[in-house]
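Read off the chains here:
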Amino acid sequence: MTTGAPRPATSGATARPAAPHTAEPSELSAEQPARSRPQPPWQGQWPVVGAVALGGGIGAALRYGATLLWPTAPGTFPTTVFLVNVVGCALMGVLMALITERGTPHPLLRPFLGTGVLGGFTTFSTYTADIRHLTDTGRLAVGLAYLAATLLAALAAVWAAHAGTRYALTRRGGAR
């Protein structure tokens, strides 16, 4: 049992503890944490944050462009957002199949394309806002249809695109 009192010195040993810079790492006390220098911005998570931010801006701009090109009338089925989400999920399936079948990609590829571009392109927050708007304005059937159709179509799209891409890659001998 440890009482916190210093250990008695043995013959030939000094009563003073060694300086922290000469002690073994296991001998450093918990009261003296090892000092570390902060990582430069180009190391650690900053490149990932930058890749996600850049990709997210691109994806959000593409989605916004789609809603400008194909606007949806208020109170109707939000076709543009539905298609954006389904296409984005299909592209995510393709991306994941390519990444898993083609070896080790650049470490920033998945954050940039997957989380950034496709995360910014798909818009499940607008999806939920559209559902709420439809149900609040008395379009319950359209809101529920949109809720179910988006969920089923998005899951089917990511699965089919992933399976189709894997099949195409392995059939052509392109797998690892």
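Residues numbered from 1 in each chain as written. Predicted model: local features only at pLDDT ≥ 70, side-chain atom pairs only at ≥ 80, totals over all residues. Heavy atoms only, no water.

(A) Summary view of the packing of helix α2 (residues 79-101) against helix α5 (residues 140-171). At a minimum axis distance of 7 Å, the contact between α2 and α5 shows a crossing angle of 30 degrees. The pairing of α2 with α5 is recorded here as roughly parallel in orientation. Crossing geometry of α2 relative to α5 is assigned as right-handed. Tallied by class, residues from the contact of α2 with α5 come to 18 nonpolar, seven polar and two charged. (Axes fitted to C-alpha atoms, helices over the stretch in contact; angles between N-to-C directions. Helix = DSSP H or I, 4+ residues; strand = E, 2+ residues; numbered from the N terminus. Parallel < 35°, antiparallel > 145°, perpendicular 65-115°, else oblique. Left-handed = near helix turned anticlockwise from the far one by under 90°. Nonpolar A, V, L, I, M, F, W, Y, C, P; charged D, E, K, R; others polar.)

(B) Just the pattern of salt bridges, in detail. Enumeration according to the criterion identifies two salt bridges in this entry. In this structure, glutamate 101 engages arginine 166 in a salt bridge whose closest nitrogen and oxygen atoms are separated by 2.7 Å. Taken together, the residues glutamate 101 in helix α2 and arginine 166 in helix α5 connect sequence positions 65 residues apart. Of the residues examined, arginine 166 reaches a relative accessible area of 38% and is grouped as partly exposed. The residue arginine 132 makes a salt bridge to aspartate 136 at a minimum N-O spacing of 3.4 Å. Highlighted residues: arginine 132 and aspartate 136, both in helix α4 (residues 124-136), separated by four residues, approximately one helical turn. (Salt bridge = Lys/Arg side-chain N within 4 Å of Asp/Glu carboxyl O. Buried < 20%, exposed > 50% of the residue type's maximum accessible area, 1.4 Å probe, protein only.)

(C) The UniProt feature "binding site: Na(+)" (unreviewed entry) in the protein chain, seen in detail. Listed under "binding site: Na(+)" (unreviewed entry) in the UniProt record, and renumbered for this structure, are Gly119 and Thr122. Mapped onto the elements, glycine 119 comes out in helix α3 (residues 109-121). Looking at glycine 119, the relative accessible area reads 40%, which means it is partly exposed. Tracing the chain through its elements places threonine 122 in the loop between α3 and α4. Once residues lying within four places of it in the same chain are set aside, the contact partners of threonine 122 are Arg63, Val84, Asn85, Gly88 and Cys89. Side-chain polar atoms of threonine 122 contact the backbone oxygen of leucine 118, separated by 2.8 Å. (UniProt positions renumbered as here; feature names shortened; annotations may be inferred. Contact = heavy atoms within 4.5 Å. Polar contact = N/O pair within 3.5 Å; in protein donor to acceptor, adjacent residues only side chain to side chain.)

(D) Layout of the packing of aromatic side chains. Here the structure, examined in full by the defined rule, presents four aromatic pairs. Each ring, one from phenylalanine 77 and one from phenylalanine 82, has its centre 5.5 Å from the other, and the planes form 65 degrees; the classification is edge-to-face. One aromatic cluster is present, built from ring pairs that chain together Phe77, Phe82, Phe124, Tyr127 and Tyr146. (Phe/Tyr/Trp six-rings, centres within 6.5 Å; stacked < 30°, edge-to-face > 60°.)

(E) Inspection of the UniProt feature "transmembrane region" (unreviewed entry) in the protein chain at higher detail. The UniProt record annotates "transmembrane region" (unreviewed entry) at residues 46-65, 77-99, 111-129 and 141-162. The span residues 111-129 is 89% helix and 0% strand, and its two end C-alpha atoms sit 26 Å from each other. The span residues 141-162 carries 100% helix and 0% strand; its end-to-end C-alpha distance comes to 31 Å.

(F) Here's a closer look at α2. The end-to-end C-alpha separation of α2 is 33 Å, in line with the 33 Å expected for 23 residues at 1.5 Å each. Glycine 103 sits one or two positions beyond α2 and adopts a positive phi of about 95 degrees. (Expected span 1.5 Å × (residues − 1).)

(G) Broad picture of the side chain of threonine 123. Turning to its location among the elements, threonine 123 is positioned in the loop between α3 and α4. Using a relative accessible area of 3% as the deciding quantity, one classes threonine 123 as buried. Filtering out sequence-adjacent residues up to four positions away, threonine 123 remains in contact with Arg63, Val81 and Asn85.

(H) Inspection of α4 at higher detail. For α4, built from 13 residues, the straight-helix expectation of 18 Å at 1.5 Å per residue is met to within 8% by its first-to-last C-alpha distance of 18 Å. All of the buried residues along α4 are Tyr127, Asp130, Ile131 and Leu134. End-on view of α4: buried residues confined to an arc of 100 degrees, all on one side of the axis. For α4, the exposed residues set more than 90 degrees away from the buried face come down to Ser125, Arg132 and Asp136. Downstream of α4 by one or two residues, glycine 138 has phi in the positive range, about 85 degrees. (Arc of directions from axis to C-beta.)

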